[in-house]
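Listed below are the residues making up each chain.
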Amino acid sequence: QTAFPIFLPKNLTPVLTAIPEKGRNHGEVLADLKEMKAKDNYKEDQGFGLCYHVTDHKHHDFTTQAHSVYIASNALDPTAFPSLRKMEVEVCSMTLNMLYAPKEA
């Protein structure tokens, strides 16, 4: 049992409450992740704003590669990862520009 209330659909239980004593092989972990993902309540025509729906598999491969470059980086610490801070500033600046924000915004 967990020490705090967890609100999960029944198809995603039981919940691990302790780190297993013995590790698992990569295949088992990936199989479990795929099984859990298959139970997500996501419909392609209702996912706007929830996720990025892939229709172009070349682009999906590209974004997967791009994500893997920074997968072990923590964007919450711009002093350790100034390149992430640069991208954050650029995205915010582009958004402000698209919204016609004043220069001082």
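All values reported here derive from a predicted model rather than from experimental measurement. (Residues numbered from 1 in each chain as written. Predicted model: local features only at pLDDT ≥ 70, side-chain atom pairs only at ≥ 80, totals over all residues. Heavy atoms only, no water.)

Visitor: So what's going on with the overall build of the chain? Which residues, and what values?
Guide: Tallying secondary structure elements over the chain gives three helices and zero strands in all. A total of 105 residues make up the chain; the buried ones form 2% of that total. (Helix = DSSP H or I, 4+ residues; strand = E, 2+ residues; numbered from the N terminus. Buried < 20%, exposed > 50% of the residue type's maximum accessible area, 1.4 Å probe, protein only.)

Visitor: Would you mind going over unusual backbone geometry in detail, with residue names and values included?
Guide: Negative phi characterises most residues that are not glycine, and trans characterises most peptide bonds. Of note, the phi angle at Y100 is positive, near 55°, even though the residue is not glycine. Along the chain, the position of Y100 falls in the segment after α3 (82-98).

Visitor: Let's hear about helix α1 (residues 26-38): which residues, and what values?
Guide: Its 13 residues give α1 an end-to-end C-alpha distance of 18 Å, which sits within 8% of 18 Å, the value for a rise of 1.5 Å per residue. You can read the cap of α1 off the contacts: a side-chain oxygen lies 2.9 Å from the backbone nitrogen of G27, and it is on N25. (Expected span 1.5 Å × (residues − 1). Polar contact = N/O pair within 3.5 Å; in protein donor to acceptor, adjacent residues only side chain to side chain.)

Visitor: Run through a nonpolar patch on the surface, naming residues and quoting values.
Guide: The grouping of V29, L30, L33 and M36 at the surface amounts to a nonpolar patch, some 340 Å² of accessible area in total. Among the secondary structure elements, L30 is positioned in helix α1. (Patch = residues over 30% accessible without salt bridge, like charges linked within 9 Å, V, L, I, M, F, W, Y side chains within 5 Å. Areas by Shrake-Rupley, 256 points an atom, 1.4 Å probe, with all protein chains shown as cover. Salt bridge = Lys/Arg side-chain N within 4 Å of Asp/Glu carboxyl O.)

Visitor: Residue-level account of the environment of N25, with values.
Guide: By secondary structure assignment, the location of N25 is in the segment before α1. When its relative accessible area of 45% is taken as the criterion, N25 is described as partly exposed.

Visitor: Provide a residue-level description of the pattern of salt bridges, including the pertinent values.
Guide: According to the stated counting rule, one finds five salt bridges in the structure shown. The partner of K39 in a salt bridge is E35, with the nearest N and O atoms 3.4 Å apart. A salt bridge links R85 to E88, with the nearest nitrogen and oxygen atoms 3.0 Å apart. Residue R85 and its partner E88 are located together in helix α3, separated by three residues, close to a single helical turn. Through salt bridges with shared partners, one network takes in R24, E28 and D32.

Visitor: Which residues make up the environment of A105, and what are the values?
Guide: Position of A105 relative to the elements: it lies in the segment after α3. The sequence separation of A105 and S93 amounts to twelve residues, and the corresponding C-alpha distance is 9.2 Å.

Visitor: Describe helix α2 (residues 57-70), listing the residues and the values that go with them.
Guide: For α2, spanning 14 residues, the distance from its first C-alpha to its last is 21 Å, which sits close to the expected 20 Å at 1.5 Å a residue. Where α2 starts, the residue carrying a side-chain oxygen 3.0 Å from the main-chain nitrogen of K58 turns out to be D56.

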